[in-house]
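Residue-level structure breakdown
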Amino acid sequence: MQKAVPLHSVRTRRVSPMRRQEAWLAALLILPSTLGIVIFAVLPIAASLGISLTDWGGLSRPNVVGFQNYAAALQDTRATSAMSHTLLYVLLAVPTGVLISLTLAVWITNLKSGWLRTVFRTVYYLPMVTIGVAVALLWQVLLAPQGLVNLILGWLGVQGPNWLGSPSWVLPAVAVFSVWQGSGQGIILFLASLASVPKDLYEAAQLDGARPWEAFRYITLPMVSPTVFLVLVLSVIGALQVFEAVLVLSNGGPGDSSTTVALYIYKTAFTFFKMGYASALAWLLAVILIALMVVQWRTQNRWVNYDQV
């Protein structure tokens, strides 16, 4: 049996001066980014939580009203309508964007020419780095009643609708624009994931007589499912906070038919100057966003394959 060592014989390990200098240097290097996160992220979030408990209008003196703003938000029909528009936009934009990104990534990967792959990667990613407002203004012209889109549809014998002036078509039009602008991120992620799929799996499937669709279903899709999950999560987060596209293309119109939660929060804060109520709406949106992320995280084990080949 091993003999116990007395406590008084255990010497405290001293930290060398070099280790201390390294620790101070590391703390000094991360200090600017830490201060940036605290000043521009943590403090504003905490401030918005405090403002949501007041009736502050931006210039007047705030009065604490407790949870009255949250109770009013739950009974606000315009807020409920904005949430329904946002969820409809999510259903239109997210699945379409993920499907198009994956399809284009598979097509680019299967191209024989290396320079063509480079060209298409660049072309599809360009909308991501362009100025969003400028591109949205261009699409506003394209989607006008006498714009290029309806002109092309007229050549095909189809009567184009008033995309941005019809309550039935405005959200699908905004979703099409968002998919066009944001698919580049998903394409790049899928291209990186597809490049890591072992080629011998496709060769073995081809020897077994598997058709291209079967190879995609039983090899490609399971292998890139973690990336599908990542793109899905990022897309849902972005779609729930859609603001710029709706503001420029339709400004929430016609009427309130395309007013999303983010746009409603913006108008509540900077048009009606109800900062406290707008902060409460923002926190309710954050709660909904977190709840959806939890649901996605809990259900990923049913279809996401993390097994390494």
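Residues numbered from 1 in each chain as written. Predicted model: local features only at pLDDT ≥ 70, side-chain atom pairs only at ≥ 80, totals over all residues. Heavy atoms only, no water.

1. A few points about the overall build of the protein
Broken down by element type, the protein carries 12 helices and 0 strands. Along the protein, from the amino end to the carboxyl end, the secondary structure elements read α-α-α-α-α-α-α-α-α-α-α-α. For 309 residues, the compact-globule estimate of 2.2 N^0.38 gives 19 Å, and the protein exceeds it by more than 25% at 26 Å. With respect to the three principal axes, the spread of C-alpha positions in the protein is 95 × 75 × 35 Å. (Helix = DSSP H or I, 4+ residues; strand = E, 2+ residues; numbered from the N terminus. Rg over C-alpha atoms; globule rule 2.2 N^0.38 Å.)

2. Some details on the pattern of salt bridges
Enumeration over the complete set of coordinates arrives at 2 salt bridges. For Arg-78, the salt bridge is made with Asp-256, and the minimal N-O distance between the two is 3.3 Å. With Arg-78 in helix α3 (residues 77-109) and Asp-256 in the loop between α10 (244-249) and α11 (261-270), this residue pair connects regions lying 178 residues apart in the sequence. The partner of Arg-211 in a salt bridge is Glu-214, and the shortest N-O contact between them spans 3.2 Å. (Salt bridge = Lys/Arg side-chain N within 4 Å of Asp/Glu carboxyl O.)

3. Things to note about helix α5 (residues 132-142)
Of the residues making up α5, those classed as buried are Gly-132, Val-135, Ala-136 and Trp-139. The buried side chains of α5 occupy one side of the element, clustering within an arc of 100° when seen end-on. Residues of α5 that are exposed and angled more than 90 degrees away from the buried face: Leu-138 and Val-141. Where α5 is buried, its residues contact α7 (170-195) and α10. (Buried < 20%, exposed > 50% of the residue type's maximum accessible area, 1.4 Å probe, protein only. Arc of directions from axis to C-beta. Contact = heavy atoms within 4.5 Å.)

4. Side note on the nonpolar core
Grouped together as the largest cluster of nonpolar side chains are 47 residues, with contacts concentrated most on Tyr-89, Leu-164, Val-174, Phe-177, Phe-190 and Leu-249. For this core, the secondary-structure elements that each account for two or more residues are α3, α5, α7, α9 (212-240), α10 and α12 (275-299). Discounting chain neighbours no more than four positions away, the residues touching Leu-249 are Ala-136, Trp-139, Gln-140, Leu-164, Val-174 and Phe-177. With 13 residues, the next largest nonpolar core counts Ala-82, Val-261, Tyr-264 and Ile-265 among its residues. (Core = buried A, V, L, I, M, F, W, Y, C linked by side-chain atoms within 4.5 Å.)

5. Some words on the side chain of Asn-69
Looking at the secondary structure, you find Asn-69 in helix α2 (residues 68-74). In this structure the side chain of Asn-69 is engaged in a polar contact, spanning 2.9 Å, whose partner is the backbone oxygen of Ser-52. Apart from the residues lying within four places of it in its own chain, the contact partners of Asn-69 are Ser-52, Leu-53, Thr-54, Gly-276, Tyr-277 and Ala-280. (Polar contact = N/O pair within 3.5 Å; in protein donor to acceptor, adjacent residues only side chain to side chain.)

6. Observations concerning unusual backbone geometry
The omega angle of the peptide bond from Gly-253 to Pro-254 is -5°, so this bond is cis rather than trans. With a phi angle near 55°, Asn-251 is a residue other than glycine that sits in the positive phi range. The topology assignment puts Asn-251 in the loop between α10 and α11.

7. So, α11
Taking burial as the measure, the 10 residues of α11 include 8 buried ones, the bulk of the element. Of all the positions in α11, only Val-261, Ala-262, Leu-263, Tyr-264, Ile-265, Lys-267, Thr-268 and Ala-269 are classed as buried. Close packing links the buried residues of α11 with α3, α10 and α12.

8. What to know about the confidence of the model for the protein
The predicted model of the protein averages 90 in pLDDT, with 94% of residues at 70 or higher. Averaged pLDDT values over the elements of the protein bottom out at 88 in helix α8 (residues 199-207) and peak at 96 in α11. (pLDDT = per-residue confidence, 0-100.)

9. What to know about a nonpolar patch on the surface
Taken together, the side chains of Leu-25, Leu-28, Leu-29, Ile-30, Leu-31, Leu-35, Ile-37, Val-38, Ile-39, Phe-40, Val-42 and Leu-43 make up a nonpolar region of the molecular surface, amounting to roughly 1200 Å² of accessible area. Within the secondary structure, Ile-39 is located in helix α1 (residues 17-51). (Patch = residues over 30% accessible without salt bridge, like charges linked within 9 Å, V, L, I, M, F, W, Y side chains within 5 Å. Areas by Shrake-Rupley, 256 points an atom, 1.4 Å probe, with all protein chains shown as cover.)

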